[in-house]
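Breakdown of the fold
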Amino acid sequence: MIEEPDRTILDIAISVGFNSKSTFNLAFKKITGKTPSVYRSETLSQCSTGQ
């Protein structure tokens, strides 16, 4: 997600074995506490600010 920011969340979900974005989002949020989109945007903004 972070290494390929132009790749869609759906594409990542399908490539790791999920059949839908919503199922992936639920599993991702259960593990990280954030949706994939929020995780990506927060992580990318931290990287760009050097934190």
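Below is a summary of the structure that appears in this document. What you are looking at is a predicted structure, and each value in this text was computed from that prediction instead of being measured.

**Some remarks on the nonpolar core**
Ile 9, Ile 12, Ala 13, Phe 24 and Phe 28 form the largest nonpolar core, which has five residues in total. Mapped onto this core, the elements with two or more residues apiece are α1 (9–15) and α2 (21–32). Here the element with the most residues in this core is α1; it accounts for three residues. Among residues more than four places away in sequence, those in contact with Ile 12 are Met 1, Arg 7, Phe 24 and Arg 40.

**Some words on the environment of Gly 17**
Within the secondary structure, Gly 17 is located in the loop between α1 and α2. By relative accessible area, which is 56% here, Gly 17 ends up exposed. In sequence terms Gly 17 and Lys 30 are 13 residues apart; their C-alpha atoms lie 17 Å from each other.

**Overview of the side chain of Arg 40**
For Arg 40, the position within the fold is in helix α3 (residues 36–49). No salt bridge forms around the buried Arg 40; measuring N to O, its nearest opposite-charge neighbour Asp 6 is 7.4 Å away. Ignoring anything within four residues of it in the chain, the contact list for Arg 40 reads Met 1, Ile 2, Glu 4, Pro 5, Arg 7, Ile 9 and Ile 12.

Calculation notes
Each chain has its residues counted from 1, running along the sequence as written. The predicted origin of the model limits local features to residues at a pLDDT of at least 70 and limits the giving and counting of side-chain atom pairs to 80 or more, whereas totals for whole chains, interfaces and linings rest on all residues. Just so you know, side-chain values use all the structure's heavy atoms and leave hydrogens and water out. Residue types Ala, Val, Leu, Ile, Met, Phe, Trp, Tyr and Cys, when buried and joined through side-chain atoms within 4.5 Å, form a set referred to as a nonpolar core. The cut-offs for exposure are 20% and 50% of the maximum accessible area for each residue type, with area from a 1.4 Å probe on protein chains only; residues under the lower value are buried, those over the upper are exposed, and the others partly exposed. The way it works is that DSSP assigns letters per residue, a run of H or I at least four long becomes a helix, a run of E at least two long becomes a strand, and they are numbered from the N terminus. Throughout, a residue-residue contact means that at least one pair of heavy atoms, one from each residue, lies within 4.5 Å. His residues and chain termini do not enter the charge count, which takes Lys and Arg as positive and Asp and Glu as negative. Whenever Lys or Arg places a side-chain nitrogen within 4 Å of a carboxyl oxygen from Asp or Glu, that contact is recorded as a salt bridge.

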